Amino acid sequence: MKITAYSCRPDELAMFEKFGKECGVQLVLVPEGPSMENAHMAEGSQGVSIITTPVDEQLLGRWKRCGVQIVSSRTVGYEHVDKDAADRLGIAVANVSYTPNTVAEYTVMAMLMAVRRMKTIMTRFLGQDYSLLDIRGRELGRMTVGVVGTGRIGETVIRLLRGFGCRILAYDLKPKTELKEFAEYVDLDTIWRECDLITFHTPATKKSYHMVNRDTLEKMRDGVVLINMARGTVMDTAALIQALEGGKVGAAALDVVENEGKIYYKDFKYQPLGHHDMAILSAMPNVLMTPHTAFFTDEAVSDMIEYSIRSCIAHVNGEENPWRVW
Ligand code: COI
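Residues numbered from 1 in each chain as written. Predicted model: local features only at pLDDT ≥ 70, side-chain atom pairs only at ≥ 80, totals over all residues. Heavy atoms only, no water.

Undergrad: Quick question: what am I supposed to make of the layout of surface pockets here?
TA: Using a probe with the size of a water molecule, rolled over the atoms, empty space left in the structure can be pinpointed. The space that makes up the largest pocket amounts to roughly 1,400 Å³. In terms of lining, the largest pocket is formed by 44 residues, of which the most central are Val 76, His 201, Thr 202, Pro 203 and Ala 204. When residues of the lining of the largest pocket are traced back to their parent elements, those giving at least two are α6 (152–161) and α7 (188–194). Across the lining of the largest pocket, the residue classes tally to 23 nonpolar, 13 polar and 8 charged. Of the pockets and cavities examined, the second largest pocket occupies roughly 980 Å³. Thr 52, Thr 53, Glu 260, Gly 261 and Lys 262 are the residues nearest the centre of the second largest pocket, which is lined by 27 residues in total. Across the lining of the second largest pocket, the residue classes break down as 10 nonpolar, 10 polar and 7 charged. (1 Å grid on protein atoms, 1.4 Å probe; cavity = no way out; pocket = protein on both sides within 12 Å on 5 of 7 lines; lining within 4 Å. Points joined across faces, edges and corners; volume = space filled by probe spheres on them. Helix = DSSP H or I, 4+ residues; strand = E, 2+ residues; numbered from the N terminus. Nonpolar A, V, L, I, M, F, W, Y, C, P; charged D, E, K, R; others polar.)

Undergrad: Any chance you could explain the pattern of salt bridges here in plain terms?
TA: Pairs can form between side chains of opposite charge once their charged atoms are near each other. Counted by the stated rule, this structure contains 19 salt bridges. Put simply, Glu 155 and Arg 159 hold a salt bridge, and the shortest N to O gap is 3.0 Å. With Glu 155 and Arg 159 both in helix α6, this residue pair falls 4 residues apart, about one helical turn. Residue Glu 155 is classed as buried on the basis of its relative accessible area of 15%. One continuous salt-bridge network, built from bridges that share partners, spans Arg 9, Asp 11, Glu 12 and Arg 74. (Salt bridge = Lys/Arg side-chain N within 4 Å of Asp/Glu carboxyl O. Buried < 20%, exposed > 50% of the residue type's maximum accessible area, 1.4 Å probe, protein only.)

Undergrad: Is there a simple way to think about the UniProt feature "domain: D-isomer specific 2-hydroxyacid dehydrogenase NAD-binding" (unreviewed entry) in the chain in this case?
TA: Taking the numbering used here, the UniProt-annotated feature "domain: D-isomer specific 2-hydroxyacid dehydrogenase NAD-binding" (unreviewed entry) corresponds to residues 108–294. Along residues 108–294 the backbone is 31% helical and 16% strand, and the end-to-end C-alpha distance reaches 11 Å. (UniProt positions renumbered as here; feature names shortened; annotations may be inferred.)

Undergrad: Sorry, what's going on with the site of the ligand here?
TA: Taken together, Thr 52, Thr 75, Val 76, Gly 77, Tyr 98, Arg 231, Tyr 265, His 292, Phe 295 and Met 304 make up all the residues around the ligand. In the model, an oxygen atom of the ligand is placed 2.8 Å from a nitrogen or oxygen of the Gly 77 main chain. Note that an oxygen atom of the ligand is positioned 2.7 Å from one of the side-chain N or O atoms of Arg 231. Computed on the free molecule, the ligand has an accessible area of 280 Å², of which 95% lies beneath the protein chains in the complex. When atoms are counted within 2 Å of each cavity's grid points, the one that captures over half of the ligand is the largest pocket. In terms of residue class, the shell around the ligand is made up of 5 nonpolar, 4 polar and 1 charged. (Near = heavy atom within 4 Å. Polar contact = N/O pair within 3.5 Å; in protein donor to acceptor, adjacent residues only side chain to side chain. Areas by Shrake-Rupley, 256 points an atom, 1.4 Å probe, with all protein chains shown as cover. Sits in = over half its atoms within 2 Å of the grid points.)

Undergrad: Where do I start with helix α4 (residues 101–115) in this structure?
TA: The periodicity of an α-helix, 3.6 residues per turn, causes residues three or four places apart in sequence to face the same way. In this model, α4 (15 residues) spans 21 Å end to end at C-alpha, consistent with the 21 Å of a helix rising 1.5 Å per residue. Restricting attention to buried positions, one finds in α4 the residues Thr 102, Val 103, Ala 104, Tyr 106, Thr 107, Val 108, Ala 110, Met 111, Ala 114 and Val 115. If you follow the buried residues of α4, they end up packed against β6 (144–148), α6, β9 (197–200), β10 (224–228), β11 (249–254) and α11 (298–316). Arg 117, located one to two residues past α4, shows a positive phi value of around 55°. (Expected span 1.5 Å × (residues − 1). Contact = heavy atoms within 4.5 Å.)

What follows is the structure, encoded as structure tokens:
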């Protein structure tokens, strides 16, 4: 069996080699993201592995003619694949489910960095300014923390937070009974009203689109800390900027931002960025921005590659495929 993997980074090569051998598949590794220009690289492959590059009907159609039966995204989110078009063409779509600790640990780090004003402390330190002005923080354990979305990542965040002793409120369309001893499930209005810090762990869906907006921000506590390690579309960026400028939001940690797709994972040194909101946000001392790197650990990358390969194999062999999305 043959799989074409696109957007292969140098750090992934050894793992592709390892799992390719272990699973007995032939791999075609393409450094570039998929496009009509390199779609022919999937000729004769039954599976295609991708990351975040958008995949539309035209590309899917071309792959279909190459013999592709499944497109597996080495990511949890799969909103970049036109799933309806894939269904029409009879191509299966799959994601992967890598270790949730990766993003959960990064989230807890971001929470602590935000409440302890770490961006300012570190930038000042680099400039040999060791004064205490404006860097007094707060203890996480004294805060009421809201976790919006209690899937695998949100659940792990809740479990990690237990050690800090904070009061945890949670929201999810499907509350988990096993979390009820650690967190109190409430409605969103209660989260907005009662939390000092809110962290988002929802997929990019119509329901989560601009969940943080002018109206919901208005309902939040003054000085609320917002953490977004999920998807940029969860927050209306213009409303967030206004709330930060007005002091309604005290601090934010953002691993994702709206319209990040053309920017993240590329080197823009010495070039204009062309993303005005990012320029404003990243200049704020109380906004910690990272380039969608919460997922990036040895463990997660290994899972992403292994599960993407195994998912293609399972599908092509007609076996149960736990990663297929329906
Ligand atoms: C995902 O797996 O959905 C992520 O957010 C990480 C990916 C963009 C590499």
